[in-house]
Amino acid sequence: MASEYNSNIVQPLLTDLYQISMAYAYWKNRKHEEIAVFDLYFRKNPFGGEFTLFAGLEECLKFINNYKFQSTDIDYLRTTLPNYIEKEFYDYLSALNMNDIKIYAVPEGSVVFPRLPLLRIEGPILKGQLLETTLLTLVNYASLVATNAARFRATTGPDKSFHEFGLRRAQGPDGGLSASKYCYLGGFDGTSNVLAGKLYGIPIKGTHAHAYVSSYKNLDDLKIRELADCHSGELRPFVDLCLKYLNELGPILKFIPEETNKGELAAFISYAIAFPTGFLGLVDTYDVLKSGLPNFLSVACALHECNYEAMGIRLDSGDLAYLSLEVRARFTDTAELYHNPSMKNLTIVASNDINEDILISLEKQQHAIDVFGIGTHLVTCQKQPALGCVYKLVELGGSPRLKLSQDIAKVTIPGRKNLYRFYGQDGKALCDLMTKSDEPEPTALSRILCRHPFLEKKRAYVTPSSVQSLYNLYWADGQIKQVLPTWEEVRTFAKQQINSLRKDHVRYLNPTPYKVSVTDDLYTFMHQLWIESVPIGELS
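Residues numbered from 1 in each chain as written. Predicted model: local features only at pLDDT ≥ 70, side-chain atom pairs only at ≥ 80, totals over all residues. Heavy atoms only, no water.

With that settled, the discussion passes to the sheet that holds strand 12 (residues 347–350). With respect to topology, six strands assemble into an open sheet ordered 7-6-13-12-11-10, the strand pairing being parallel. On the outer flanks of this sheet lie strand 7 (190–191) and strand 10 (280–282), each paired with one strand and no other. As judged from the three bridges shared by strand 10 and strand 11 (residues 312–315), these two strands associate in the parallel manner. Note that in strand 11 the partner of Gly281 across the bridge is Ile313. (Pairing = 2+ DSSP bridges. Helix = DSSP H or I, 4+ residues; strand = E, 2+ residues; numbered from the N terminus.)

Now the structure itself:
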């Protein structure tokens with residue numbers, strides 16, 4: 001992909017101690033070269049929804065590609081592990097690489113569902129075990145925040161823009177970068193995070209804060225009071241023009257020119273002089289309708305007289321729906337007064353701790369907002385702070401492995417599996433099907449029995465119009481096997497994936513669960529193994 005950035009903390013020691021402990025036990029007992037298969041998946045869609053966006057694959061591949069214990073890593077392990085561990089084990093770790101591991105995965109940006117193995121890891125059990133924690137940490141948050149972004153994006157129409165403003169509220173710098181990257185995948189249009197813009201090619205957005213506005217006390221604070229005309233280059237008395245328009249607009253927009261905050265006006269004037277083609281004012285420092293908006297409009301009109309166009313305003317507090325409608329009405333009145341149609345369409349940006357519920361409420365109130373700047377609730381995923389991906393052994397030495405539990409959600413689906421998606425005549429996804437790896441690939445227009453993995457009576461025949469194999473081989477023979485798409489291409493793919501679902505699967509209230517099924521052969525196989533694995537009790 002476009003960025004070569006890889007955080008220097010993503011390394012072999014970014015793991016849990018028990019992975020290294022198990023690695024030694026495998027090695028000590030000469031089990032370390034047995035070929036294993038692990039599945040990485042999650043058990044429940046986040047945020048009360050019925051879909052998830054898969055993200056983090058690129059970073060997983062970078063991690064595997066660069067996997068190497070450094071000499072300082074080995075020195076540290078010698079000081080923390082028991083002193084009876086043999087020198088040969090440390091020599092083994094020093095020479096270890098992931099060349100004989102295979103990684104199958106669904107493409108990044110795919111819509112995925114509970115129980116689907118997002119990654120299938122094949123290779124020596126010791127190496128597969130060492131990858132577990134790091135792969136989970138790279139996929140869990142990435143998929144969670146990308147899904148959160150997609151849900152925010154889905155609350156309103158495609159004519160609205162969404163900007164991620166969450167760096168200052170994120171869980172540390174790496175969390176902030178990850179949030180910016182994966183919110184863009186989820187459908188956001190830009191970020192305030194400058195480093196994310198550099199690393200990932202995401203458009204960067206932002207203007208000024210309340211501190212800039214309050215740093216000016218009055219018009220005497222202005223050191224520069226003129227602005228060069230965009231066309232002629234002639235210096236115009238910009239401050240005087242702004243005051244002229246402020247006085248003209250007062251009777252029309254029903255505000256008192258003398259009562260607007262002149263420090264705020266000075267701040268707007270100075271910012272417009274600095275950025276005459278990018279002037280977007282934060283209008284709620286004092287009072288939106290009595291000061292912020294009148295001051296903004298006076299500067300916007302003066303800019304227009306100097307042959308520039310203002311961009312718009314940002315609301316960061318108050319009743320966003322009401323204020324946006326009032327602002328839009330005053331934009332329209334000003335446009336008609338000065339015969340300047342472009343003023344009707346000045347941009348209204350809203351921020352102020354917006355979450356998914358607020359977005360839905362704003363839609364019901366028919367707001368006039370064009371752009372949403374969202375931070376805290378987006379990047380911290382306050383509605384659900386973790387996705388809960390797991391990493392389970394499903395095969396060893398060609399023999400299936402099964403994890404049982406009294407909680408049915410924690411029972412694993414054993415063996416090496418393939419994964420397919422069925423589509424109907426309307427092009428929408430019907431269901432996903434897991435098969436045993438040795439079963440023939442399902443074909444379009446063939447009638448196929450699809451079964452719920454655990455509930456005997458839940459089954460249906462499906463005749464798909466088209467069938468898509470979801471797995472690609474991404475890593476084998478020590479190299480990445482696929483040409484990785486650009487981040488813009490991944491973002492476009494994610495949007496297409498969401499559009500491939502029926503609307504009832506993605507709606508906010510009571511979404512319809514998407515069906516994840518298994519073949520009749522896989523159902524019989526796993527239930528027979530289940531029966532064989534459960535001890536028989538005895539009553540007396």
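Having seen the model, we can carry on.
Scanning all chains against the criterion turns up 28 salt bridges. Ionic pairing is found between Arg120 and Glu122, a salt bridge with its closest N-O pair at 2.8 Å. Both residues of the pair, Arg120 and Glu122, belong to the buried class. Across the pair Arg491 and Glu488 runs a salt bridge, and its minimum N-O distance is 3.6 Å. Linking Arg491 with Glu488, this pair stays in helix 15 (residues 487–499), spanning three residues, or about one helical turn. For Glu488, a relative accessible area of 37% puts it in the partly exposed group. (Salt bridge = Lys/Arg side-chain N within 4 Å of Asp/Glu carboxyl O. Buried < 20%, exposed > 50% of the residue type's maximum accessible area, 1.4 Å probe, protein only.)

Look at helix 5 (residues 125–153): 41 Å from first C-alpha to last across 29 residues, which is about the 42 Å you get at 1.5 Å a residue. Among the 29 residues that make up helix 5, 27 are buried, leaving the element largely enclosed by the rest of the structure. (Expected span 1.5 Å × (residues − 1).)

A word on the nonpolar core. Core analysis: the biggest nonpolar cluster contains 156 residues, and Leu131, Phe238, Ile269, Phe296 and Val299 have the highest contact counts within it. The dominant element in this core, judged by the number of residues it contributes, is helix 5, at 15 residues. Built from parts of two domains, this core gets at least three residues from each of domain 1 (17–151 + 384–533) and domain 2 (207–369). Core analysis: the second largest hydrophobic core is formed by seven residues, Tyr420, Phe422, Cys431 and Val462 among them. (Core = buried A, V, L, I, M, F, W, Y, C linked by side-chain atoms within 4.5 Å. Domains from an automatic or database assignment.)

A separate point is the sheet that holds strand 21 (residues 472–476). Strand order in this open sheet of seven strands is 15-14-1-5-3-21-22, and the pairing throughout is antiparallel. Because the sheet does not close on itself, it has two edges, and the strands there are strand 15 (399–400) and strand 22 (479–480). Together, strand 1 (35–41), strand 5 (119–124) and strand 14 (390–396) form the strand contacts of helix 5, whose direction differs from that of strand 5 by roughly 155 degrees. (Contact = heavy atoms within 4.5 Å. Axes fitted to C-alpha atoms, helices over the stretch in contact; angles between N-to-C directions.)

Right, let's talk about the packing of helix 6 (residues 172–185) against helix 15 for a bit. Helix 15 packs onto helix 6 with a crossing angle of 50 degrees between their chain directions and a minimal axis gap of 8 Å. Regarding the angle of helix 6 to helix 15, the classification is oblique. From helix 6, Lys181, Tyr182, Tyr184 and Leu185 reach across to helix 15, where they touch Trp487, Glu488, Val490, Arg491 and Ala494. Grouping the amino acids of the contact of helix 6 with helix 15 by side-chain chemistry returns six nonpolar, no polar and three charged. (Parallel < 35°, antiparallel > 145°, perpendicular 65-115°, else oblique. Nonpolar A, V, L, I, M, F, W, Y, C, P; charged D, E, K, R; others polar.)

The pairing of strand 11 with strand 12 spans four bridges and is parallel. Bridge pairing in strand 12 places Arg314 opposite Val349. Regarding topology, helix 12 (residues 320–337) serves as the crossover connection from strand 11 to the parallel strand 12, and that connection is right-handed. The pairing of strand 12 with strand 13 (residues 371–374) spans two bridges and is parallel. Bridging across to strand 13, Ala350 finds its partner in Phe372. With respect to chirality, the unit in which strand 12 leads through helix 13 (residues 356–364) into the neighbouring parallel strand 13 is right-handed. (Right-handed = clockwise from strand over helix to strand, strands pointing away.)

Right, let's talk about the state of the cysteines for a bit. Inspection of the entire model under this criterion finds zero disulfides. Its sulfur unpaired, Cys306 is 8.1 Å from the next cysteine sulfur, which belongs to Cys242. Looking at Cys306, the relative accessible area reads 0%, which means it is buried. In this structure Cys381 is a free cysteine whose sulfur lies 7.4 Å from that of Cys183, the closest cysteine sulfur available. A relative accessible area of 0% places Cys381 in the buried class. (Disulfide = S-S within 2.5 Å.)

Okay, the domain arrangement of the protein next. Segmentation of the protein into domains returns domain 1 (17–151 + 384–533) and domain 2 (207–369). Using only C-alpha atoms to locate each centre, domain 1 and domain 2 end up separated by 51 Å.

Turning our attention to the environment of Gly197. You can see Gly197 is positioned in helix 7 (residues 194–200). Look at Gly197 and you get buried, because its relative accessible area is 16%. In this structure the C-alpha to C-alpha distance between Gly197 and Leu130, which are 67 residues apart in sequence, comes to 32 Å. Here Gly197 is in contact with Ile202 and Ile204, once residues within four sequence places are set aside.

What follows covers helix 10 (residues 262–274). The end-to-end C-alpha distance of helix 10 is 18 Å, a good match for the 18 Å that 13 residues give at a rise of 1.5 Å each. In terms of burial, helix 10 is a largely internal element, 11 of the 13 residues being buried. Every buried residue of helix 10 is listed here: Gly263, Glu264, Leu265, Ala266, Ala267, Phe268, Ile269, Ser270, Tyr271, Ala272 and Ile273. Taken together, the buried residues of helix 10 touch helix 8 (210–214), strand 8 (227–228), helix 9 (238–253), strand 10 and helix 11 (288–305). A side-chain oxygen of the first residue of helix 10 lies 3.0 Å from the backbone nitrogen of Gly263; this N-cap is Asn261. (Polar contact = N/O pair within 3.5 Å; in protein donor to acceptor, adjacent residues only side chain to side chain.)

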